[in-house]
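Observations on chain architecture
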Amino acid sequence: MKEGKIELIKDGARLSGRGFEELRPIKIEVGVLKRADGSCYFELGDNKAIAAVYGPREMHPRHFQNAKRAVVKYRYNMAPFSVDDRKRPGPDRRSQEISMVSRKALDPVILRELYPKTAIEVYVEVLQSDAGTRTAGINAASVALADAGIPMRDLVSSVAIGKIDGEVVLDLDAKEDNFGEADMPIAMVARTNTITLLQMDGRLKKEEFERGLKLAMNGCRKIYELQKAALVEKYSKNGNGA
Amino acid sequence: MGQEVIEDIRKDYVYDLIENGKRADGRGFLDFRDIVVERDLINKAEGSTRVQIGDTVVLVGVKVEPGTPFPDTPNKGVLMTNAELVPLASPEFESGPPGEDSIELARVVDRGIRGSETIDLEALCIEEGEKVWMVFIDIHTLDNDGNLVDAAALGAITSLLNIDIPYEQYGLTGKDTLHIRDTPVAVTVAEIRGNLLVDPNVAEESAATNKLTVISNVDGSISGLQKSGSTGLTEEMIVKMTEIGIEKAREIREKYLPKI
């Protein structure tokens, strides 16, 4: 959070014109890559993320194998041109942390016990960033896992809430994230209403947190419907989904 | 071992077809797959292009930022080309520091642009010895079905066209576009058991004995060459491959690049 004097809410409206509880426009495309076993392109406002899933396949290196269940690998990576100041290629501490929490957000829904000793690999590339890339990545990854035919208990949906000019709002864009007071991404399994990722940056009162959590969960439910619709759309086109 | 057997079967399939004058997707030996070029998809980059050749997809972004010149060229801007073969793009790619394949990809694309002096680097000097514009070409592979080099090179040159140098963004005064003096195009010619074909897909690449990437310019000159493969090529073969490369580059340039 940078200290800033930017007014993020003017005459009761956000700078983008969105309502406090309104998501940015979302676009989901399923099966966009040929080489991957499953893939998904996900746009959230100006965020563009693409996810690929490979596996279950042999785990390398072998000593990382788990005799009882598949191991999920998750790699979140930003393209060097995805941000205003070019990002140096390769993993940094931030992307390593995001990779870890994203993996843990998806782990609970994957029926890992069906594929002992294997790896299920999830690769997320952020092509353009505008705050909320980890949530876009998780949403894409979850659909890509389904597209790869990986048995899952449910999809995982993810969105952030934040606080700007004292108001709790859904789905911060980059300006709101930079100059706002708090940012809280969550991921949720809609069918069971369980949270699989929760992070918070900034400062929220207890009451704001509780309201924000409800708001984020509602946002996840909306995204969940869009994810399901995108999968149905792809697989209803023809019998084998090819 | 299973993987190797499959690999051999796949190669045999390619050999059989080629020896009967055919390719798996019905193309002629000197036909490219369908090419789709889309510009300016990434608004954080000064220039960007998505190039699709068949099922191969590459996204190239160009960023322009002020930086310090190299001590031996104090009055010249800097060109840096980088490629990431991200594991999203192929079951064969792995995460980790750039391997030799991604280094080769970046260097071949870089060489074509540098060799042809496509970018007027002297025009990128802001203050001699102190501050120059740095041009970063980042090649992001998204789906690898072979011939990444040609796709990346086309993406790079397309991205470089019509770039506004971001003076204002960095608190500098001035207004200029990136000066582009040529449009180098890469064409990779594969040799499979004595037959020459362009734009190899991934199966053809693995079956190819040799590949030669030819980067050529508007005037028909060559600004980059890269041979890869396991055996030697005769002079006659190399000349033929180069001729094919230049001719196909001319066709691609006419169709997908503006006249400069």
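For the structure itself, consult the block above.
Residues numbered from 1 in each chain as written. Chains lettered and ligands numbered in written order. Predicted model: local features only at pLDDT ≥ 70, side-chain atom pairs only at ≥ 80, totals over all residues. Heavy atoms only, no water.

**Overview of the overall build of chain B**
In terms of helices and strands, chain B carries 5 helices and 10 strands. By the compact-globule yardstick of 18 Å for 260 residues, chain B fits well, its C-alpha radius of gyration being 19 Å. Taking the principal axes of its C-alpha atoms as reference, chain B extends roughly 60 × 40 × 35 Å. Taken across its 260 residues, chain B has 53% of its residues classed as buried. (Helix = DSSP H or I, 4+ residues; strand = E, 2+ residues; numbered from the N terminus. Rg over C-alpha atoms; globule rule 2.2 N^0.38 Å. Buried < 20%, exposed > 50% of the residue type's maximum accessible area, 1.4 Å probe, protein only.)

**Description of the environment of A:Glu121**
Residues and elements named next belong to chain A. Relative to the assigned elements, Glu121 resides in strand 7 (residues 118–128). For Glu121, a relative accessible area of 4% corresponds to the buried category. With residues up to four places along the chain from it excluded, the contact list for Glu121 reads Ala52, Val53, Tyr54, Arg57 and Lys73. Looking at Glu121, its side chain comes within polar contact range of the side chain of Tyr123, at 2.5 Å. (Contact = heavy atoms within 4.5 Å. Polar contact = N/O pair within 3.5 Å; in protein donor to acceptor, adjacent residues only side chain to side chain.)

**Here's the deal with the interface of chain A and chain B**
The interface is formed by 30 residues belonging to chain A together with 31 residues belonging to chain B. Of all residues in chain A, A:Arg35, A:Phe81 and A:Arg86 give up the largest surface area on contact with chain B, accounting jointly for 33% of the area buried on that side. The tally of links between chain A and chain B comes to 5 salt bridges. Notably, a salt bridge pairs B:Asp145 with A:Lys34, separated by 4.0 Å at the nearest N-O pair. In this structure, the connection of chain A to chain B is made through 16 residue pairs in polar contact (both at pLDDT 80 or more). Elements supplying a minimum of two residues to the side of chain A that touches chain B: strand 5 (47–58), strand 6 (71–78) and strand 7 of chain A. No other element matches the 6 residues that strand 5 of chain A contributes to the side of chain A that touches chain B. Taken together, the residues of the side of chain A that touches chain B sort by class into 14 nonpolar, 5 polar and 11 charged. (Buried area = accessible area lost by both parts, 1.4 Å probe. Salt bridge = Lys/Arg side-chain N within 4 Å of Asp/Glu carboxyl O. Nonpolar A, V, L, I, M, F, W, Y, C, P; charged D, E, K, R; others polar.)

**Let's talk about the pairing of strand 4 (residues 78–84) of chain B**
Residue and element names in this part refer to chain B. Along strand 4, 6 of the 7 residues are buried, which leaves the element largely enclosed by surrounding structure. By the bridge criterion, 7 bridges tie strand 4 to strand 6 (residues 131–143) in an arrangement that is parallel. The residue of strand 6 that forms the bridge with Thr81 is Ile137. (Pairing = 2+ DSSP bridges.)

**Comments concerning the nonpolar core**
Membership of the largest hydrophobic core comes to 74 residues, with the highest contact counts inside it found for B:Leu105, B:Ile119, B:Ile137, B:Ile139 and B:Leu160. Per-element accounting of this core gives the leading share, 9 residues, to helix 3 (residues 148–160) of chain B. Here B:Ile137 is in contact with B:Val60, B:Gly61, B:Val62, B:Leu79, B:Met80, B:Thr81, B:Asn82, B:Ile113, B:Ala156 and B:Leu160, once residues within four sequence places are set aside. Among the nonpolar cores identified, the runner-up in size contains 57 residues, and A:Val124, A:Ala141, A:Ala144 and A:Ala187 belong to it. (Core = buried A, V, L, I, M, F, W, Y, C linked by side-chain atoms within 4.5 Å.)

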